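Examination of the molecular architecture
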Amino acid sequence: MAKVKSAYFCQSCGYETPKWLGKCPSCGEWNTFVEELIHKQVPQVVAFSKTKNTAKSTLLSNIKHQEHDRIKLSDLELNRVLGGGLVFGSLILFGGEPGIGKSTLLLQLAITSTDMKFLYVSGEESDQQIKMRSERIGRKNNDCYVLTETNIQNIFKQAESIQPTVLIIDSIQTLYSSEIESSPGSISQVKECTSQLLRYSKQTNVPVFLIGHITKEGSLAGPKVLEHMVDTVLQFEGDRNHVYRLLRSIKNRFGSTNELGIYEMVGTGLRQVENPSEILITNNDSSLSGISTAATMEGMRAMLIEVQALVSSAAYGTPQRSSTGFDGRRLNMLLAVMEKRCGFKLGSKDVFLNIAGGIKVDDPAIDLAVVAAVLSSNTDMAIEKHIALCAEVGLSGEVRPVNKIDQRISEAEKLGFKKIIVSKYNKGLAQKNFKIELVLCSKITEVVKALFA
Ligand code: TYD
Ligand code: MG
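This section reports on the structure supplied with the text.

The rules we used
- Residues numbered from 1 in each chain as written.
- Chains lettered and ligands numbered in written order.
- Predicted model: local features only at pLDDT ≥ 70, side-chain atom pairs only at ≥ 80, totals over all residues.
- Heavy atoms only, no water.
- Helix = DSSP H or I, 4+ residues; strand = E, 2+ residues; numbered from the N terminus.
- Buried < 20%, exposed > 50% of the residue type's maximum accessible area, 1.4 Å probe, protein only.
- Contact = heavy atoms within 4.5 Å.
- Axes fitted to C-alpha atoms, helices over the stretch in contact; angles between N-to-C directions.
- Left-handed = near helix turned anticlockwise from the far one by under 90°.
- Nonpolar A, V, L, I, M, F, W, Y, C, P; charged D, E, K, R; others polar.
- Near = heavy atom within 4 Å.
- Polar contact = N/O pair within 3.5 Å; in protein donor to acceptor, adjacent residues only side chain to side chain.
- Areas by Shrake-Rupley, 256 points an atom, 1.4 Å probe, with all protein chains shown as cover.
- Core = buried A, V, L, I, M, F, W, Y, C linked by side-chain atoms within 4.5 Å.
- Domains from an automatic or database assignment.
- Phe/Tyr/Trp six-rings, centres within 6.5 Å; stacked < 30°, edge-to-face > 60°.
- Parallel < 35°, antiparallel > 145°, perpendicular 65-115°, else oblique.

This part takes up the overall build of the protein. In terms of helices and strands, the protein carries 11 helices and 23 strands. Taking the principal axes of the C-alpha coordinates as reference, the protein spans close to 85 × 55 × 55 Å. Counting across all 453 residues of the protein, residues that qualify as buried make up 49%. Excluding contacts between residues fewer than 6 apart, the proportion of contacts in the protein whose partners are at least 24 apart in sequence is 66%.

Printed below as a string of structure tokens:
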């Protein structure tokens with residue numbers, strides 16, 4: 001007979017203590033401890049990379065390099081965010097706010113992939129609801145099994161008999177293991193179920209997607225510990241009132257974390273947006289002041305984004321500086337450079353900056369476009385529509401080169417831009433390789449001349 005014991009768990013980070021505490025010593029949150037019953041005989045998490053025998057150390061140079069086998073999914077955006085496909089035996093946590101489209105995306109993945117067997121386990125919706133949703137999306141895959149179950153042992157029984165290629169769990173917060181007495185969604189249940197799923201995926205080599213909810217504060221509900229246990233953490237974000245959704249990877253053991261997937265929510269599910277520039281650049285015919293276009297990179301992909309600025313005289317003593325999607329401190333730095341090196345008096349002006357489309361950019365290559373948008377709004381002179389900008393701006397007002405410049409220029413060319421302003425110091429840049437006109441500048445004063453003269 002297993003011995004029952006109780007302990008207090010922080011619902012925010014999973015910290016365990018025998019006594020109730022007001023403040024969590026690990027994450028500093030207040031009032032997050034909840035008593036949960038635990039059995040003494042909780043199965044130990046086994047380290048799967050090791051064989052049953054005691055492991056021997058090996059020279060790093062003697063270890064053979066093995067490419068991870070990857071499943072190529074029907075969803076190209078998801079493939080890319082995962083680092084080139086789904087790795088066998090990986091455990092992927094898929095987080096996002098309620099209603100953002102997590103269930104839709106993964107159900108869509110299951111029913112649009114062919115030649116693969118999917119088991120979609122839902123603890124949140126009934127068979128009928130899932131059927132209705134799948135009919136909206138349009139069903140193609142005949143090998144998609146649906147299970148509405150929340151007991152993890154029953155799920156494993158089904159998985160054993162169906163032997164799916166990919167297992168999807170919607171959501172981890174609804175699962176429970178009968179070995180533990182606390183309620184579904186509590187830290188110990190979530191931890192235990194995740195560790196059992198981890199064991200399942202490593203032993204059977206079946207990749208598992210775990211949907212997880214996100215709290216108001218934006219962290220994965222419940223435990224940070226989950227993020228440590230899984231191989232990959234994906235986050236699905238976007239404004240519920242906007243149609244665009246961004247898929248980011250926050251942690252990825254099998255690829256880089258700077259890839260971004262973009263989707264549009266339409267009546268028939270989520271549409272992959274292959275050409276992000278199409279949504280990030282507005283196509284108004286009249287030229288407006290305060291708008292410039294930057295060629296930026298998200299991961300391996302070049303795209304053009306619109307930078308909008310509004311400069312107005314400060315109504316109150318201290319001028320306001322506010323930026324959305326761009327680092328506020330960097331904006332202040334660029335404003336100081338404009339003031340000192342170009343003589344624009346911005347010290348008494350309110351400056352608002354916005355990156356269109358609700359995305360966040362931390363690529364220094366958009367500096368020049370920020371400068372251009374601010375100057376354009378300040379002088380109320382529009383920048384011609386067919387001009388793109390792409391360079392970093394230094395403290396002395398110099399226009400600095402950026403990486404992957406060829407790719408950025410090609411993207412601007414592809415989208416029909418006629419001119420692109422870049423740094424003179426980019427290496428190996430030749431006009432003859434491009435149809436688009438290259439305007440080479442070394443200082444921002446030259447850029448001002450090229451734009452507004
Ligand atoms: P859902 O996948 O249920 O969100 P989550 O699982 O993250 O909580 O998404 C629900 C929203 O998506 C809902 O508000 C309706 C919308 N939606 C569409 O706009 N088109 C569709 O084809 C589908 C299936 C959903
Ligand atoms: Mg859902």
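Take the packing of helix α8 (residues 328–342) against helix α9 (residues 367–379) next. To characterise two packed helices, one gives the angle between the axes of the helices and the distance between these axes. In contact at an axis separation of 10 Å, α8 and α9 are set at 65° when each is read in the N-to-C sense. Read as a crossing pair, α8 and α9 show a hand that is right-handed. Seen from α8, the contacting residues are R330, L331, L334, L335 and M338; seen from α9, they are D367, V370, V371, V374 and L375. When its residues are assigned to classes, the contact of α8 with α9 shows eight nonpolar, no polar and two charged.

Surrounding ligand 1, one finds 15 residues, the nearest of these being G99, K102, S103, T104 and G269. A distance of 2.8 Å separates an oxygen atom of ligand 1 from a polar backbone atom of K102. When the free accessible area of ligand 1 is taken as 560 Å², the share hidden by the protein chains comes to 75%. Going through the elements one at a time, α2 (102–112), α3 (127–137) and β13 (260–266) are the ones with two or more residues in the shell around ligand 1. The element best represented in the shell around ligand 1 is α2, accounting for three residues. Residue composition of the shell around ligand 1, by class: four nonpolar, seven polar and four charged.

Our focus in this paragraph is the nonpolar core. Generally speaking, a soluble globular protein has its nonpolar side chains buried in company with each other. Membership of the largest hydrophobic core comes to 48 residues, with the highest contact counts inside it found for L368, V370, V374, I421 and L451. Residue contributions to this core peak at eight residues, all from α9. Taken together, domain 2 (72–274) and domain 3 (279–452) each give at least three residues to this core, which thus spans both. The residues touching L368, leaving out its near neighbours within four places in the chain, are L389, A391, V393, V399, I421, I444 and V447. One finds F94, A110, F118 and Y120 within the second-largest nonpolar core, a separate group that totals 30 residues.

All told, the structure shown has four aromatic pairs when counted by the stated rule. Both rings, one in F156 and one in Y200, keep their centres 5.3 Å apart while their planes meet at 35°; by these two values the pair is tilted. Here F156 is found in helix α4 (residues 152–162), whereas its partner Y200 is found in helix α5 (residues 187–204), with 44 residues between them in sequence. Using a relative accessible area of 14% as the deciding quantity, one classes F156 as buried.

Moving on, we get to unusual backbone geometry. Note on backbone geometry: most residues besides glycine have negative phi, and most peptide bonds are trans. For the peptide bond that leads from D170 to S171, omega is -5°, which places it in the cis range. Turning to its location among the elements, S171 is positioned in the loop between β9 (166–170) and α5. With a phi close to 55°, Q163 is a non-glycine residue in the positive phi region. Tracing the backbone through its elements, the reader meets Q163 in the loop between α4 and β9. Although it is not a glycine, K404 sits at a positive phi angle of roughly 50°. Residue K404 is classed as partly exposed on the basis of its relative accessible area of 37%.

The contact between α9 and helix α11 (residues 444–452) brings their axes to 11 Å, and the two run at 55°. Between α9 and α11, the interaxial angle falls into the category oblique. Once α9 is placed against α11, the crossing between them reads as right-handed. Contacts between α9 and α11 pair L368, A372, L375, S376 and T379 from the former with I444, V447, V448, L451 and F452 from the latter. Considered class by class, the residues forming the contact of α9 with α11 number eight nonpolar, two polar and no charged.

Right, let's talk about the environment of V230 for a bit. Here V230 is to be found in the loop between α6 (225–229) and β11 (232–237). Exposure remark for V230: the relative accessible area of 0% places this residue in the buried category. In this structure the C-alpha to C-alpha distance between V230 and L210, which are 20 residues apart in sequence, comes to 9.4 Å. In this structure, V230 is in contact with L91, L93, T194, K251 and R253, ignoring residues within four places of it in sequence.

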